[in-house]
Structure formats: structure tokens, C-alpha cells
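Coordinate analysis (summary)
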Amino acid sequence: MKNIAIFISGRGTNLQAIIDYFRQSTVAQVALVFSNKKDAYGLIRAKRANIPTFSFARGDFNTRDEFIKKLKKLLSEHRIDIIALAGYTRKVPPEIIQEYRHRIVNIHPALLPFFGGKGFYGIEVHRRVLASGMKLSGVTIHFVNEEYDRGEIIYQECVPILFGDTPETLQARVLEREHYLYPRIIEKLATGKISVIDNKVRIDGQID
Ligand code: GRF
């Protein structure tokens with residue numbers, strides 16, 4: 001059984017989709033939920049599912065080292081194999097990235113490498129996608145490396161942009177696909193079906 005840690009900062013609808021998907025799983029379980037924000041609604045979802053929650057941030061510690069030490073301890077004590085960011089708005093410390101290379105994933109509500117990077121989060125992503133006049137947006141699931149939104153792309157799917165879309169209607173259409181795809185990709189990672197060869201990602205089997 002692989003142990004997954006989910007990092008959140010907010011409402012946690014992706015977290016909910018992951019919790020629901022792995023509830024009956026024999027390959028992986030959500031072992032903990034970590035939030036940098038104490039009032040993140042996702043923490044309530046986790047508690048409801050009897051999943052241990054932890055909430056602290058760099059600002060709660062005197063030094064950066066203390067923060068990282070605590071985070072590392074949390075992950076090792078819970079024997080975490082995979083970290084999935086689900087609306088986590090902070091940068092993951094490089095020390096953690098190094099330790100979990102190709103075992104930390106993130107989901108982005110657009111087609112990277114476009115519409116990503118600093119400032120591209122939440123509804124703002126969809127606002128900018130619509131402003132571009134593009135007819136397609138989508139979902140990107142990628143590994144997390146030291147550069148924001150720039151880790152190797154694991155999986156992408158297009159979502160159509162419809163005439164009359166608002167950032168909110170586009171967000172809802174994209175989010176529905178996020179909820180479907182993210183748990184399935186995490187499962188592929190947990191079962192060793194995702195490999196990285198020369199910065200390119202290979203997935204064995206279908207996503208269905
Ligand atoms: C999602 O759109 C995800 O792609 C992005 O942040 C949003 C989180 O939403 N990284 P939720 O907290 O899972 O509802």
C-alpha cells in the first residue's frame with residue numbers, strides 16, 4: 001500500500017475526488033492532508049474522511065530550517081511515498097523536491113507551458129485563457145520540480161472553450177475533468193506505471 005500526502009491551501013474539491021477514489025483502493029491511501037492555511041475548507045473534508053490533517057506554514061517558525069525539518073519529519077513519520085499538490089499555492093521547498101523527485105505531482109487548470117507560472121492560479125487562469133481568444137483549454141498534470149509549473153508533463157487533456165463562456169463556466173468544465181483525471185494519474189504513479197526517460201514521461205496503459 002502506497003501512502004499519499006495531499007497538500008492544499010483552499011476548498012479541496014480535487015482532494016475530495018482523490019479521497020473518494022482511493023477509499024476502496026488496495027494500492028494506495030490518502031495518509032495525510034497538509035495545508036499551509038488553517039482555515040482551508042479541504043481540512044474539513046479530510047477530517048470528515050478520518051484522514052489526519054496538519055496545518056502550518058513557514059511563518060509559524062523562526063527559521064526556514066525549522067519549517068522544513070517539521071515538514072520532512074511529518075512526511076517520513078507517515079511513510080509518505082507520493083505527494084500530490086491539489087490547489088497548494090506555496091512553493092514546495094527544494095529540499096523536499098529533491099527527496100521526492102518524480103514523486104510529487106501537481107494539477108494545473110490549463111494547458112502548460114502556456115498560462116502557467118507566477119500569478120496564474122485560481123479563476124485568474126481561466127480569465128487569461130478566455131482573454132487570449134483560444135478555443136481550447138485543458139488540464140495538465142505534471143511533476144513538480146524547482147521551477148513553478150515547469151516540471152515534466154505527465155498527462156494533458158483538452159477541454160473546449162464555448163462561445164459565451166465566462167471564467168466561471170470554463171473553470172467548472174475544466175474542474176470536472178480534473179476530478180476525473182487526477183486520481184487516475186496518481187494511481188498510475190502509485191503502481192509504477194509512470195516512468196521518466198530523458199525528460200519525457202511514459203505512461204503504461206490507458207487512463208480509463
Ligand atoms: C484546481 O483548479 C487546480 O487545478 C489548481 O487549483 C485548483 C484547486 O481547486 N491547482 P480545489 O481546491 O481542488 O477545488
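Reference entry: report on the structure contained in this document. (Residues numbered from 1 in each chain as written. Predicted model: local features only at pLDDT ≥ 70, side-chain atom pairs only at ≥ 80, totals over all residues. Heavy atoms only, no water.)

1. Describing the nonpolar core
Core analysis: the biggest nonpolar cluster contains 40 residues, and Ile6, Val33 and Tyr182 have the highest contact counts within it. The element best represented in this core is helix H6 (residues 167-190), accounting for eight residues. If we ignore the near neighbours within four places in the chain, the residues touching Tyr182 are Asn14, Ile18, Ala84, Leu85, Ala86, Val105, Asn106, Ile107 and Ile141. Ala5, Val92, Ile96 and Ile104 belong to the second largest nonpolar core, which has 22 residues in total. (Core = buried A, V, L, I, M, F, W, Y, C linked by side-chain atoms within 4.5 Å. Buried < 20%, exposed > 50% of the residue type's maximum accessible area, 1.4 Å probe, protein only. Helix = DSSP H or I, 4+ residues; strand = E, 2+ residues; numbered from the N terminus. Contact = heavy atoms within 4.5 Å.)

2. Thoughts on helix H2 (residues 41-48)
Taken together, the buried positions of H2 are occupied by Gly42, Leu43, Arg45 and Ala46. All buried residues of H2 lie within an arc of 160 degrees about the axis, which places them on one face of the element. Of the exposed residues in H2, the ones pointing more than 90 degrees away from its buried face are Lys47 and Arg48. After H2 finishes, the residue Asn50 shows a positive phi value of roughly 60 degrees. (Arc of directions from axis to C-beta.)

3. Some words on the sheet that holds strand S1 (residues 2-8)
Pairing in this open sheet of seven strands is mixed, and the strands run S3-S2-S1-S4-S5-S6-S7 from one edge to the other. Either end of the sheet is taken by a strand with one partner, and the two such strands are strand S3 (53-55) and strand S7 (153-160). Here the average twist between neighbouring strands, direction ignored, is 20 degrees. On the sheet, H2 packs against S1, strand S2 (28-35) and S3 and is oriented at approximately 155 degrees with respect to S3. (Pairing = 2+ DSSP bridges. Axes fitted to C-alpha atoms, helices over the stretch in contact; angles between N-to-C directions.)

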